Structure formats: structure tokens, C-alpha cells
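This is what each chain is made of:
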Amino acid sequence: MSSRPNILFIMSDDHAAHAISAYGSQINNTPNIDRLANEGVRLDNTFCTNALCTPSRATILTGQFSHVNEVKTLDDKIDSSRPIQSQKLMKEAGYDTAIIGKWHLGNDDASNPQGFDYWNILPGQGDYYDPTFFENGVEKKHEGYVTDLITDFAVDWLDSRDKDTEDPFFLMVHHKAPHSSWIPAKRHENLGVEGEFPEPDNLMDTYETRSEAVKMTSIRIEDTRKPNLKFDPPEGITKDEKRKWAYQRYITDYTRTIAAVDESVGTLLDYLDENGLAENTLVVYTSDQGMFLGDHGWHDKRFMYEESLRMPFLARLPGEIEAGSVSNHMLLNVDFAPMFLDFGGVEIPEEMQGTSGRKVLSNDVPDDWQTSMYYRYWMHTIGHKVIPNYGVRNERYKLIYYYGVTPEDTGDPSIKIDPEWELYDLEEDPREMNNVYGSPDYVKVQATMLAELDRLQAEAKDTPRH
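Counting restarts for each chain: residues are numbered from 1 in the order of the written sequence. In view of the model being predicted, local features appear only for residues whose pLDDT reaches at least 70, and side-chain atom pairs are presented and counted only at 80 or more, with totals across whole chains, interfaces and linings using the full set of residues. With hydrogens and water set aside, each side-chain value is computed from the structure's full complement of heavy atoms.

J.: It is not clear to me how the pattern of salt bridges should be interpreted in this structure. Could you clarify?
T.: Side chains carrying opposite charge are able to pair once their charged atoms draw close together. Here, a salt bridge means any Lys or Arg side-chain nitrogen found within 4 Å of an Asp or Glu carboxyl oxygen. A complete count under the given rule lists 42 salt bridges for this structure. Of the charged contacts, one joins E212 and K215 as a salt bridge, the two residues approaching to 3.7 Å between their closest N and O atoms. Remark: K215 and E212 occur in helix 6 (residues 212-215); sequence separation between them is three residues, near one turn of the helix. Under the scheme applied here, a residue whose accessible area is under 20% of the maximum for its type counts as buried, over 50% as exposed, and between as partly exposed, the area being computed with a 1.4 Å probe on protein chains only. On the accessibility criterion, K215 (35% relative accessible area) is partly exposed. R455 is paired through a salt bridge with E452; the nearest N and O atoms lie 2.8 Å apart. Numbering goes from the N terminus for both helices and strands, where a helix is a DSSP run of H or I of at least four residues and a strand is a run of E of at least two.

As C-alpha cells, this is what we get:
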């Protein structure tokens with residue numbers, strides 16, 4: 001057995017922490033994911049630095065912010081030839097490497113996975129049923145449900161390894177679910193009772209005190225496209241009734257889709273147990289970012305609000321991570337790649353902007369560990385109407401700058417949106433309902449947070465717009 005641990009990194013897509021029972025979910029149960037919390041650590045303050053699928057995935061691989069790895073939006077592809085990617089460095093250090101499932105970083109010669117001994121990925125978003133995969137570049141169509149197929153392929157790869165090898169493995173299992181359009185496995189089609197899911201307390205948010213950037217967004221649940229909701233709303237209902245109806249439709253299919261992901265985690269954990277691998281394998285479960293589950297009346301992500309910003313993160317490694325522990329220390333997705341390298345005994349290159357989160361998992365962080373973080377969402381997306389924004393969050397406050405959209409940004413002279421600021425006191429207002437930017441009571445806080453934004457933005461080598 002290698003002295004270095006195997007690493008099994010399981011990442012779903014759009015799985016909010018508050019849809020995991022270990023985090024107190026009120027809408028579903030996830031007993032297999034909860035095993036990791038019971039047998040390892042639950043991190044309560046893990047955040048993404050750009051709440052969007054493609055950029056977050058690039059950051060997790062590279063340990064770099066979006067403006068450095070140059071994957072800022074859904075339209076960008078990763079440059080797979082770049083050497084600073086965790087899987088390449090792990091492979092060079094003797095790890096067997098594989099990625100299975102959702103890639104979402106491009107599907108051409110320049111952006112297909114490199115540095116993996118084996119890769120079997122979905123093109124783009126992929127399909128829930130009878131999906132096509134690209135296995136080491138060869139296109140193959142498979143019958144079945146995508147979550148089950150990804151799980152089977154992961155087990156097959158583990159089975160294919162030489163049982164006598166001393167080389168550890170680094171396996172990334174990336175689920176498509178629960179990304180829209182939230183199509184569950186047939187065995188879960190009757191799970192949960194539509195109409196009986198508890199509503200978030202701010203489902204009917206009217207956005208008072210919030211910026212125009214928030215008021216104009218089209219990610220309100222009642223605006224969700226029919227391919228996602230599957231049915232037309234009942235005739236003659238009011239706008240408020242439509243929001244409540246759409247929430248129940250959304251959460252019904254969303255939670256049903258998560259059920260197969262939870263089963264997949266159980267299958268993989270059982271495999272480790274049955275093959276004597278559990279004691280020397282770091283298992284991580286996370287998602288590429290958070291997700292609004294009716295919070296503020298929204299679905300989707302992109303904003304810097306807590307439900308979008310926060311990532312679930314549960315990890316188990318017997319002997320190093322205390323079973324049933326909880327950590328409130330701040331971990332960012334830019335810290336994941338350095339953490340993988342740290343566990344693998346690999347020198348962390350200076351080009352990585354994150355810091356290894358290994359000590360966060362054991363609640364043994366140094367005195368100078370980060371207590372604030374920098375965020376930037378880049379995509380000028382007219383369809384979702386989410387204005388580009390950046391900001392800073394510390395342990396109590398959050399400052400957000402919606403830096404507007406100019407004709408130079410979009411090429412459309414008719415689109416011009418003025419910049420705006422928001423400030424939240426997360427201790428007094430954890431649901432972020434009351435923007436206190438400009439309030440006389442928060443003048444000093446506002447100045448302190450602006451200075452921290454300037455500091456972190458400069459540290460990240462990003463260019464300000466304020």
C-alpha cells in the first residue's frame with residue numbers, strides 16, 4: 001500500500017449544500033453523502049470564486065482564478081496544453097489518473113483532457129438518458145441513465161487497475177446531475193410528494209433595498225423554461241401562485257435527480273470498503289458551485305449571494321480527518337488543486353494562486369489562514385440577465401459590486417447598465433434581504449470592506465472596474 005493516499009474526488013453539478021441532509025436539508029435525504037460527514041468532516045464555509053460550471057471546473061483543476069486560467073464564462077474552453085493542472089502534476093508524481101463524467105471545458109483537440117491515463121467524458125452538458133461519451137477521444141453511445149453509467153465506468157476503471165500496484169490513484173468522478181433539466185432515474189420518478197415541499201422563507205422576495213441588477217434578473221422560478229418544468233402552469237393562477245407552483249415543480253425533479261447521485265456515492269464507498277481501499281483513500285464530495293433552491297424566488301446561480309456562493313464539501317480520510325467533525329474555516333475552490341498536490345506529496349507550483357486546504361480538513365489551520373475571499377462573475381449574459389459582479393466576503397460582511405454593462409462589453413449600443421453596490425451584514429441578515437450600502441450605521445464597515453476588496457483583487461492580479 002502506498003504511503004500517499006488515493007484520492008477519489010466526486011463532484012456533482014449545481015448541488016446546493018442545503019439539499020444535503022448532513023447540512024440540514026429540509027427537502028431531501030442523502031444518507032450516502034451523509035456517511036462522509038459522519039465518518040469524516042463537513043466544511044461549512046467552502047466557497048467558489050466564480051459561480052458558474054465551466055469556470056469553477058477550470059479553477060478546481062488549475063488552482064487559479066478565472067482571469068488567470070482564462071476560463072471566465074461558459075463560452076471559454078480550457079487550454080489543456082498548460083502544464084499547471086493538478087492531474088498532470090499528480091501523474092508525473094506517480095499517480096494513476098482518470099476523469100469520468102462531465103468535463104464541460106471544451107471538446108476539441110486543444111481542450112480535451114490531458115494528463116489523465118484514462119478519460120471518459122460527456123460532450124458539453126451531456127444527456128440524462130442514453131448519453132454519448134468520449135472515451136479517450138472515441139465517441140460511444142451508451143444505453144442507460146447517465147448517473148448510473150458514470151458510476152459503472154468509475155468502478156470498471158478501479159477494477160481494471162493492477163491489484164498489486166504500489167501506485168496510488170487520483171480519480172475524478174464528475175456527475176451531470178442535478179443540472180437542469182432535472183430528469184430523474186425511472187426508479188425515482190415517484191420520490192417525494194409534489195406540493196408538499198417546505199418553502200424557503202424568502203421564496204416571495206420582492207427585492208426591496210436591493211440593486212436594479214438584482215431586480216432585473218430572469219432567474220426567477222416562475223420564468224423557468226418549460227423544458228425544465230415539464231408542464232404548463234395551471235390556468236388562471238396569479239403571479240405569486242405561479243411562483244409557488246414552479247417552486248414545487250422544480251424541487252420535485254431536482255431532489256429526485258439527486259437521489260441517484262447519492263446512490264452513486266454509496267456504491268463507490270462500498271467499493272472502497274470491499275476492496276480494502278477505504279483506510280488509505282481521501283474521498284471528497286462537492287459540487288461545482290451552489291444553487292438557488294427557491295431562495296429569493298430564484299433558481300440557477302451566478303450571483304454572490306450565499307446559496308450560490310457556498311459549495312458543499314465533505315471529506316473522509318481515516319487517521320487524518322476526525323470522524324464527525326465540522327470545520328468553519330474558509331476554503332475556496334482555488335485551494336482544491338494545491339490540496340490534491342499536498343496529499344500527493346507534490347510540490348505546489350508558484351503559479352497556483354490557492355493554498356492547500358489540507359489542514360482545514362483536520363481543523364488545524366495556521367493562525368494566518370484566510371478569513372476573507374475574492375469573487376468575480378464575468379459573464380455578460382443577456383438571457384439570464386445576471387449582471388457581471390465582483391466582491392469580497394469575510395466572516396461577517398459581504399460587499400458586492402455590480403460593475404454594469406457597457407456597449408463596449410456587449411457590442412450592443414442599446415445595452416447600458418449603470419454600476420451599483422450592495423453590502424450585507426451576514427450576522428444580522430443571514431438571508432441577505434437588507435442591503436445596507438450607504439447606511440450611516442455601516443460607514444466604517446463599508447470602508448473596511450472596500451479596502452479588503454482592493455487588497456484581494458490586487459493579490460489575485462485582477463483588474464478593477466470600480
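J.: Where do I start with unusual backbone geometry in this structure?
T.: Trans peptide bonds make up the majority, and among non-glycine residues the majority have a negative phi. For the bond running from A177 to P178, omega is -5 degrees, close enough to zero to count as cis. Note that P178 resides in the loop between strand 7 (169-174) and helix 6. The amide bond that connects S180 to the next residue, S181, takes the cis arrangement and shows omega of 25 degrees. Positive phi values are uncommon outside glycine, yet T209 reaches one of about 75 degrees.

J.: Would you mind showing me how to read the side chain of H188 here?
T.: Residue position: H188 is located in the loop between strand 7 and helix 6. For H188, a relative accessible area of 6% puts it in the buried group. It only takes one pair of heavy atoms within 4.5 Å for two residues to be counted as in contact. Setting aside residues up to four positions removed in sequence, H188 forms contacts with R256, A259, A260 and E263.

J.: What exactly am I supposed to notice about helix 13 (residues 443-459) here?
T.: Multiply 1.5 Å by the residue count of a helix minus one, and that product is the helix's expected span. If you check helix 13, its first and last C-alpha atoms are 24 Å apart, about what 17 residues at 1.5 Å a residue would give, namely 24 Å. By the burial criterion, the buried members of helix 13 are V445, Q446, M449, E452, L453, L456 and Q457. Looking straight down helix 13, one finds its buried side chains confined to an arc of 130 degrees; they lie on one side. Of the residues in helix 13, the exposed ones pointing more than 90 degrees away from the buried face are V443, K444, T448, A458 and E459. The secondary structure elements touched by the buried residues of helix 13 are strand 12 (372-377), strand 13 (389-394), strand 14 (397-402) and strand 15 (420-425). What the arc describes is the spread of directions from the helix axis to the C-beta atoms.

J.: Any chance you could explain the packing of helix 2 (residues 53-62) against helix 10 (residues 336-343) here in plain terms?
T.: Two numbers describe a pair of packed helices, the interaxial angle and the distance between the axes. Axis separation between helix 2 and helix 10 bottoms out at 5 Å; the angle between their running directions is 30 degrees. With respect to helix 10, the element helix 2 is oriented roughly parallel. Taken together, the residues of helix 10 that come into contact with helix 2 (itself represented by I60, L61 and T62) are F336, A337 and F340. Every axis corresponds to a line fitted to the C-alpha atoms, with the helix fit spanning only the stretch in contact, and the corresponding angles, defined between N-to-C directions, vary from 0 to 180 degrees. In this scheme, roughly parallel covers angles under 35 degrees and roughly antiparallel covers those over 145, while 65 to 115 is roughly perpendicular and the rest are oblique.

J.: How should the packing of helix 1 (residues 31-39) against helix 8 (residues 239-274) be read in this particular structure?
T.: Interaxial distance between helix 1 and helix 8 falls to 7 Å at its minimum, and their mutual angle equals 55 degrees. Looking at the two axes, helix 1 sits oblique to helix 8. Along the contact surface, helix 1 presents P31, N32, I33, R35 and L36, while helix 8 presents D262, E263, V265, G266, L269, D270 and D273. Residue classes in the contact of helix 1 with helix 8 are distributed as five nonpolar, two polar and five charged. Classes in brief: Ala, Val, Leu, Ile, Met, Phe, Trp, Tyr, Cys and Pro nonpolar; Asp, Glu, Lys and Arg charged; the others, Gly included, polar.

J.: Teacher, can you tell me more about the sheet that holds strand 15 here?
T.: Strand-to-strand pairing in sheets goes through backbone hydrogen bonds, with the strands running parallel or antiparallel. For two strands to be treated as a pair, DSSP must find no fewer than two bridges joining them. Strand order in this open sheet of four strands is 12-13-14-15, and the pairing throughout is antiparallel. Of all the strands in the sheet, just strand 12 and strand 15 have a single pairing partner and so form its edges. This sheet shows a mean twist of 10 degrees between the axes of neighbouring strands, independent of strand direction. For strand 14 and strand 15, the ladder comprises six bridges, and the chain directions are antiparallel. Of the residues in strand 15, the one forming a bridge with L399 is L423. Those strands touched by helix 13 are strand 12, strand 13, strand 14 and strand 15, and its axis lies near 110 degrees from that of strand 13.

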